[in-house]
Amino acid sequence: MIAEQLNQSIDKFYADKIRVSPARSNQASQLAWPIRHLVLKRVAWEFARPHTATVQRRFERGIELENYFLNHVVPNLPGVKIFSRALPVEYKEFEIAGRIDAEILIDWANGKGIYPIELKTLQYMARYLSPESFKTGSIFTANYFHQLNLYLLCSNREKGLYLLIDPVSFGTRWLEMVLDLDEADKILAKCREVNGFVHGWDKKLFSVEDVQYLPDCEECNQYCQFQALCGRVDAVPDTQSIDLERV
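Residues numbered from 1 in each chain as written. Predicted model: local features only at pLDDT ≥ 70, side-chain atom pairs only at ≥ 80, totals over all residues. Heavy atoms only, no water.

## Regarding the overall build of the protein chain
Thought 1: When its secondary structure is counted, the protein chain shows six helices and six strands.
Thought 2: Ordering the α and β elements of the protein chain from the N terminus gives α-β-α-α-β-β-β-α-α-β-β-α.
Thought 3: Taken against the 2.2 N^0.38 rule, which gives 18 Å for 247 residues, the C-alpha radius of gyration of the protein chain at 20 Å falls within 12% of a compact globule.
Thought 4: In terms of overall dimensions, the protein chain has a C-alpha envelope of 60 × 55 × 30 Å along the principal axes.
Thought 5: Out of the 247 residues belonging to the protein chain, those deemed buried represent 40%.
Thought 6: Sequence-distant contacts, at least 24 apart, represent 65% of the contacts inside the protein chain between residues at least 6 apart.
Thought 7: Put simply, the protein chain shows about 14300 Å² of open surface, and 51% of that area lies on carbon and sulfur atoms.
Thought 8: Charged side chains in the protein chain number 29 positive and 33 negative. The centres of these two groups are separated by 4 Å. (Helix = DSSP H or I, 4+ residues; strand = E, 2+ residues; numbered from the N terminus. Rg over C-alpha atoms; globule rule 2.2 N^0.38 Å. Buried < 20%, exposed > 50% of the residue type's maximum accessible area, 1.4 Å probe, protein only. Contact = heavy atoms within 4.5 Å. Areas by Shrake-Rupley, 256 points an atom, 1.4 Å probe, with all protein chains shown as cover. Lys, Arg positive; Asp, Glu negative; His and termini not counted. Charge placed at Lys NZ, Arg CZ, Asp CG, Glu CD.)

Put into structure tokens, the structure is as follows:
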């Protein structure tokens, strides 16, 4: 009985931290999502299905691991220094905003430079041998690719780095990223289209029926928070379904 109550208390502890809030820009960490999803994140955020306490735990684990590696591991690598952390980045014309995890200064005998880095906590690292392999994974790993690529574009840098961390084994892998201008141009075009739809609701309230005026997604993603709003209640697990009422 005591153990069960404690289990419930911990679940509630994480559940109480869950917040659904509006995206005030095209978030650099979300750019692989379809146009409809990106628009809804900004104008219909109240209809989003909140993530679960399990997902909240994963978020917090990722933050803890990021802090550990930036505080205790990366600064102690030979010839490596933390140059900046949590660096805000934006591209106002396309309403893109984000925050680079860190920039590191590498000062080696064979070269010196400053590189933006993104730390990503994920298992099955063997699947990802290059930044391009992120694009063939899930929607989440595709986001990884576009996120750092846009950071490079916005910060006027040619190269960046991923630090992949296995949350179970603490295994790590560094991947070098070179700015891909063709992919960046595609994302900028997408954001321009998103912005056009978003500003169609300036000073107006988004209603359930308005979703029909947004482009259909090529494929409905099972992890999308807006399935119920789009009429895909059948695709939403019963335990995660939501009411179509503004909160």
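The rest of the description comes next.
## What to know about the packing of helix H5 (residues 139-154) against helix H6 (residues 181-198)
Thought 1: At a closest axis distance of 10 Å, the pairing of H5 and H6 adopts a crossing angle of 100°. As far as their axial angle goes, H6 and H5 are roughly perpendicular. Contacts from Phe-145, His-146, Asn-149, Leu-150 and Leu-153 of H5 reach H6 at Leu-181, Glu-183, Ala-184, Ile-187 and Leu-188.
Thought 2: For the contact of H5 with H6, the residue count by class is seven nonpolar, two polar and one charged. (Axes fitted to C-alpha atoms, helices over the stretch in contact; angles between N-to-C directions. Parallel < 35°, antiparallel > 145°, perpendicular 65-115°, else oblique. Nonpolar A, V, L, I, M, F, W, Y, C, P; charged D, E, K, R; others polar.)

## What to know about the packing of aromatic side chains
Thought 1: Taken as a whole, this structure holds eleven aromatic pairs when the rule is applied.
Thought 2: When the centroid spacing of 5.3 Å and the interplanar angle of 35° are considered together, the rings of Tyr-128 and Phe-134 count as tilted.
Thought 3: Taking the relative accessible area as the measure of exposure, Tyr-128 reaches 7% and is therefore buried.
Thought 4: A relative accessible area of 0% places Phe-134 in the buried class.
Thought 5: With centroids separated by 5.6 Å and ring planes inclined at 85°, the aromatic side chains of Phe-134 and Tyr-144 adopt a geometry described as edge-to-face. Placement of Phe-134 in helix H4 (residues 131-134) and of Tyr-144 in helix H5 is noted, with a sequence separation of ten residues between them.
Thought 6: One aromatic cluster is present, formed by Tyr-128, Phe-134, Tyr-144 and Tyr-162 through successive ring pairs. (Phe/Tyr/Trp six-rings, centres within 6.5 Å; stacked < 30°, edge-to-face > 60°.)

## Observations concerning H5
Thought 1: Helix length check: H5, at 16 residues, gives a terminal C-alpha distance of 22 Å against a target of 22 Å (1.5 Å per residue), a fit within 8%.
Thought 2: Counting buried positions along H5 gives 13 out of 16 residues, so the element sits mostly inside the fold.
Thought 3: Taken from the residues just after H5, Asn-156 is the one with a positive phi, measuring 60°. (Expected span 1.5 Å × (residues − 1).)

## Considerations on the pairing of strand E6 (residues 172-178)
Thought 1: The pairing of strand E5 (residues 159-165) with E6 spans seven bridges and is antiparallel. Considered in E6, the bridge of Leu-161 is made with Glu-176. (Pairing = 2+ DSSP bridges.)

## Brief notes about the pattern of salt bridges
Thought 1: Counting across every chain of the model gives eleven salt bridges.
Thought 2: Residue Glu-183 pairs with Lys-135 through a salt bridge whose shortest N-O separation is 3.4 Å. Of this pair, Glu-183 sits in helix H6 while Lys-135 is found in the loop between H4 and H5, placing the two residues 48 residues apart along the sequence.
Thought 3: Judged by relative accessible area, which is 14%, Glu-183 ranks as buried.
Thought 4: For Lys-135, a relative accessible area of 33% gives the class partly exposed. (Salt bridge = Lys/Arg side-chain N within 4 Å of Asp/Glu carboxyl O.)

## Some remarks on the pairing of strand E2 (residues 80-91)
On a regular strand, one side chain projects to one face of the sheet and the next to the other, so that they alternate.
Thought 1: Direction of pairing for E2 relative to strand E3 (residues 96-108): antiparallel, over a ladder of ten bridges. Each residue of the ladder has a partner; that of Glu-90, found in E3, is Ala-97.
Thought 2: Remark: four residues form the turn of the hairpin made by E2 and E3, two consecutive strands paired antiparallel; Glu-95 in that turn has positive phi of roughly 55°.

## Focus: the nonpolar core
Thought 1: With 24 residues, the main nonpolar core has Ile-96, Phe-134, Leu-150, Tyr-162 and Leu-164 as its most contacted residues.
Thought 2: Among the elements of the structure, E3, H5, E5, E6 and H6 are those that each provide at least two residues to this core.
Thought 3: Residues within four places of Leu-150 in sequence aside, it is in contact with Leu-31, Ile-96, Ala-184, Ile-187 and Leu-188.
Thought 4: If you look at the next biggest cluster of nonpolar residues, it comprises 21 residues, including Trp-33, Leu-40, Phe-206 and Leu-214. (Core = buried A, V, L, I, M, F, W, Y, C linked by side-chain atoms within 4.5 Å.)

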